[in-house]
2 protein chains.
Amino acid sequence: MRVLILGGDGYLGWPTALRFSARGHEVSVVDNFARRRWVGGAGSDSLTPIADLEPRIAAWEANPAGDRIRSFVGGVEDGDFLDGVIAETKPEAVVHYGQQPSAPYSMISRQTAVETQQTNVVGNLNLLFSMRDHVPDAHLVKLGTMGEYGQPNIDIEEGYIEIEHNGRKDTLPFPKLPGSLYHCSKVHDSTNIHFACRTWGLRATDLNQGVVYGIETAETAGDERLITRFDYDELFGTVLNRFCLQAVIGHPLTVYGAGHQTRGFLNIRDTLACVELAVANPAERGDFRVFNQFTEQFSVLELAEKVKAAAEHLGYTVEINHLDNPRVEKEEHYYNAIHTKLLDLGLEPTLLGEELVESLLHTIERYKGNAIESSIDPHTRWNPAKSPAGQA
Amino acid sequence: MRVLILGGDGYLGWPTALRFSARGHEVSVVDNFARRRWVGGAGSDSLTPIADLEPRIAAWEANPAGDRIRSFVGGVEDGDFLDGVIAETKPEAVVHYGQQPSAPYSMISRQTAVETQQTNVVGNLNLLFSMRDHVPDAHLVKLGTMGEYGQPNIDIEEGYIEIEHNGRKDTLPFPKLPGSLYHCSKVHDSTNIHFACRTWGLRATDLNQGVVYGIETAETAGDERLITRFDYDELFGTVLNRFCLQAVIGHPLTVYGAGHQTRGFLNIRDTLACVELAVANPAERGDFRVFNQFTEQFSVLELAEKVKAAAEHLGYTVEINHLDNPRVEKEEHYYNAIHTKLLDLGLEPTLLGEELVESLLHTIERYKGNAIESSIDPHTRWNPAKSPAGQA
């Protein structure tokens, strides 16, 4: 199958490209290396040493499991560029990771908020038009986020909810309470994609993903030249990855507030499995399908405690620090999100056991010399008018 | 009160500015004249002769009811410009009409879709940041649209709905099914404003307005130099205004499909009354309030028949033409939208009687020599792949 990966140089995009290539698909990737620039601009860098895209692709092509990957350098927000790529590669499936992916980055300033929404919304809108015009039968697999739903006081369904109201019924988009301007941008994308499916008959799957953790995947594990990026800074690191790095370098774990915020989580290997399942089982024409893509729910404090236990088992000394929460969010709340559709398609979850945390800690140990500790603590406040109280 | 009107040169922005000025408020307006350019670029022009902004303001200042209005020329999507205006004028209320307001314009091409979402979403996001930073206690009165809701099979509530699900309850944003990429942009704005209220404690009222009709308001009726613009072309004319112009110049009324699409409507005088009521009764800090702003529901065919009857009463000969519907929308559907909050604040609706239609026809008759008939028929199709069938 011809598969186009937008954001194919990123944390998830790169191993996804290898996965599809290893399975014999014709893979093309698009990236403008914005993620590398954003992380660098924030004074951090990938913990893992990653080569430039071309040498990485060459390493993959030299690998026994490898095959040719075509690459296109440019941004999805450049509509003419993207249109040319779609017209040339005629993908049957487009996996769209090509976005600004950080909630705190979107909350730094007006400029980063606008950059986030413009990159994400315009890029995705460009894609919808190009798919309509060149490959209307192709399947869009879009990375959304569980953070679009926020923290409602009812069970979170997969994208839609049947509402009975004044004696009438309809199944409507699940109401959203996004938790940052980045999360808002993902809600906007969902609204635009749903519209494109209803109006133009496109087919799309929105993968409302939980928080991803992990480094290695089947394709990257054996060859260091293929390893994916690993971020642990305030802006681009995800919470479990951050905690693991912090434990290894002896930085107190940065729990925000009481740490009772509960979210869905999944291993990077399961991200790849979910994307593969979505591509192998495409949505119908006109259908905007939504899957909640995570395998387990944890509170942030539970995660910190898991990391502390596993790290202490390996001989590290770990302190948990409760920082004044820089985000505006409920710390005590109901949270129960349905996530059966990917399981129904055959997903076999990789659960977060102590062994898995230990393996992550081992991998980080190898690269800990690269860690830039100054990038770890949170400086971006959701509401700058609320002065920090009790921050350690 | 210091009132800032964004889009103060437009169809609704201009008479709104005069209304607040006539009531003794300190009014400033912002506009970049994009609406004039968009309409001109589409080969049309305002039916009513409108002077440039500065001479219009001078005419108002010379009028017995008039007072000083400050003007700032620039686009809301220019964040530094807008930030300067907010910092300088320190508004207590901001009425935000400064957007690309046409559904068909947003559906012409990728470029117009991107322009629409970029202008609207980025402009509104800039505004939210500037209000947060300079006037966090000011009240944002944002023009939304009833078209954000689409055509659900349940009653449409005012912005929120209480949902009971699996034994638990929450009041959540009413699910949206926007009918064009313009309508999607308004949904995005609502999501962003709601977030800003929850996170930064801003106060905002979203006026989900129905389709506006009419020309004259109390302040513009007596002095032709103060008249507001009147659009009747495919892209920027609203349906009742279009039908009235069509009846006067002998163009068959352009009903799309069967014409059973039902929507909420209101008179331009009621738009001004509603905005005034919202400003006079501000939302609480942190509150994102939504009012459904219309006074009556009609189907498109009912409107055509009303116009035909009134026009024939005045001696015009009127034909109704059912065109192949260029939009993708349900023509047969349930529609019942709640609209009590503005009535509760004291709105006294101007209902669409035959007399009112006749008065609109009389005003149009005065200017019919300006009509550009070639701009009337629809050329923009929501789904270009669906070839027109049975178009007259």
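What counts, and at which threshold
- Residues numbered from 1 in each chain as written.
- Chains lettered and ligands numbered in written order.
- Predicted model: local features only at pLDDT ≥ 70, side-chain atom pairs only at ≥ 80, totals over all residues.
- Buried ≥ 20, exposed ≤ 12 C-beta atoms within 10 Å, placed from the backbone.
- Helix = DSSP H or I, 4+ residues; strand = E, 2+ residues; numbered from the N terminus.
- Pairing = 2+ DSSP bridges.
- Least-squares fit on C-alpha atoms with pLDDT ≥ 70 in both.
- Contact = placed C-beta atoms within 7 Å.
- Core = buried A, V, L, I, M, F, W, Y, C linked by C-beta atoms within 7 Å.
- Axes fitted to C-alpha atoms, helices over the stretch in contact; angles between N-to-C directions.
- Parallel < 35°, antiparallel > 145°, perpendicular 65-115°, else oblique.
- Left-handed = near helix turned anticlockwise from the far one by under 90°.
- Nonpolar A, V, L, I, M, F, W, Y, C, P; charged D, E, K, R; others polar.
- pLDDT = per-residue confidence, 0-100.
- Right-handed = clockwise from strand over helix to strand, strands pointing away.

This brings us to the pairing of strand β4 (residues 93–96) of chain B. All names here are of chain B. Of the two faces of β4, the one carrying Ala93 and Val95 and the one carrying Val94 and His96 are both buried. Sheet analysis places strand β1 (residues 2–6) next to β4, joined by 4 bridges and oriented parallel. In the strand pairing of β4, Leu6 is matched with His96. When β4 meets strand β5 (residues 139–145), the two strands line up parallel, connected through 4 bridges. In the strand pairing of β5, Val94 is matched with Leu140.

Below, the discussion takes up the relation of the copies chain B and chain A. Mapping chain B onto chain A calls for a rotation angle of 180° and an axial translation of 0.0 Å; the resulting RMSD is 0.0 Å. The superposition operator between the copies reduces to a two-fold rotation axis. Both copies present the same face, since 98% of the interface residues in chain B are matched by interface residues at the equivalent positions in chain A.

Moving on, we come to the nonpolar core. In terms of nonpolar packing, the biggest core is built from 227 residues, with Val94, Cys244 and Val307 of chain A together with Val94, Cys244 and Val307 of chain B touching the most fellow members. Val307 of chain A has contacts with Phe243, Cys244, Ala247, Leu253 and Val357 of chain A, leaving out every residue within four places of it along the chain.

So, on to the packing of helix α1 (residues 13–22) of chain B against helix α9 (residues 268–280) of chain B. Residues and elements named next belong to chain B. In the contact formed by α1 and α9, the axes pass within 10 Å of each other and the chain directions differ by 55°. Classed by the angle they form, the pair α1 and α9 counts as oblique. The interaxial crossing formed by α1 with α9 has right-handed handedness. In contact with Pro15, Thr16 and Arg19 of α1, α9 contributes Ile268, Leu272, Val275 and Glu276.

Residues and elements named next belong to chain A. Positive phi is not limited to glycine here, since Phe33 has a value of about 65°. Relative to the helices and strands, Phe33 resides in the loop between β2 (26–31) and α2 (34–41). Residue Phe33 is classed as partly exposed on the basis of its C-beta count, with 14 C-beta atoms lying within 10 Å. Unusually for a residue other than glycine, Asn166 sits at a positive phi of about 50°. With respect to the element layout, Asn166 can be found in the loop between β6 (160–165) and β7 (168–173).

Residue and element names in this part refer to chain A. Their axes nearest at 10 Å, the elements helix α8 (residues 239–249) and helix α10 (residues 300–313) cross at an angle of 35°. The chirality of how α8 crosses α10 is right-handed. Residues Val239, Leu240, Phe243, Cys244 and Ala247 of α8 form the contact with α10, whose own contacting residues are Val300, Leu303, Ala304, Val307, Lys308 and Ala311. Taken together, the residues of the contact of α8 with α10 sort by class into 10 nonpolar, no polar and 1 charged.

How big an interface is tends to be reported as the loss of accessible area on association of its parts. Listed by partner, the interface residues are 42 residues for chain B and 41 residues for chain A. Contributing elements (two or more residues each) for the side of chain B that touches chain A: α6 (110–134), β6 (160–165), β7 (168–173) and α7 (181–200) of chain B. Broken down by class, the residue content of the side of chain B that touches chain A amounts to 23 nonpolar, 12 polar and 7 charged.

The subject of this paragraph is the confidence of the model for chain A. Model confidence for chain A is summarised by a mean pLDDT of 97, while 98% of its residues fall at 70 or above. Complex prediction metrics read pTM 0.98 and ipTM 0.97.

All names here are of chain A. Extensive coverage of β2 is indicated by the burial of 5 of its 6 residues. As paired strands, strand β1 (residues 2–6) and β2 are joined by 5 bridges and run parallel to one another. Bridging across to β2, Leu6 finds its partner in Val30. The handedness of the β1 to β2 crossover, carried by helix α1 (residues 13–22), is right-handed. When β2 meets strand β3 (residues 69–73), the two strands line up parallel, connected through 5 bridges. Counted as the bridge partner of Val29 is Ser71 from β3.

Further remarks concern the sheet that holds strand β12 (residues 288–293) of chain A. All names here are of chain A. Read across the sheet, 7 strands follow the order β3-β2-β1-β4-β5-β8-β12 without closing on themselves; strand pairing throughout is parallel. The sheet is open, and its two borders are formed by β3 and β12, each paired with just one other strand. Strand-to-strand twist across the sheet, computed as the mean angle between neighbouring axes with direction ignored, equals 20°. When strand β5 (residues 139–145) meets strand β8 (residues 203–209), the two strands line up parallel, connected through 7 bridges.

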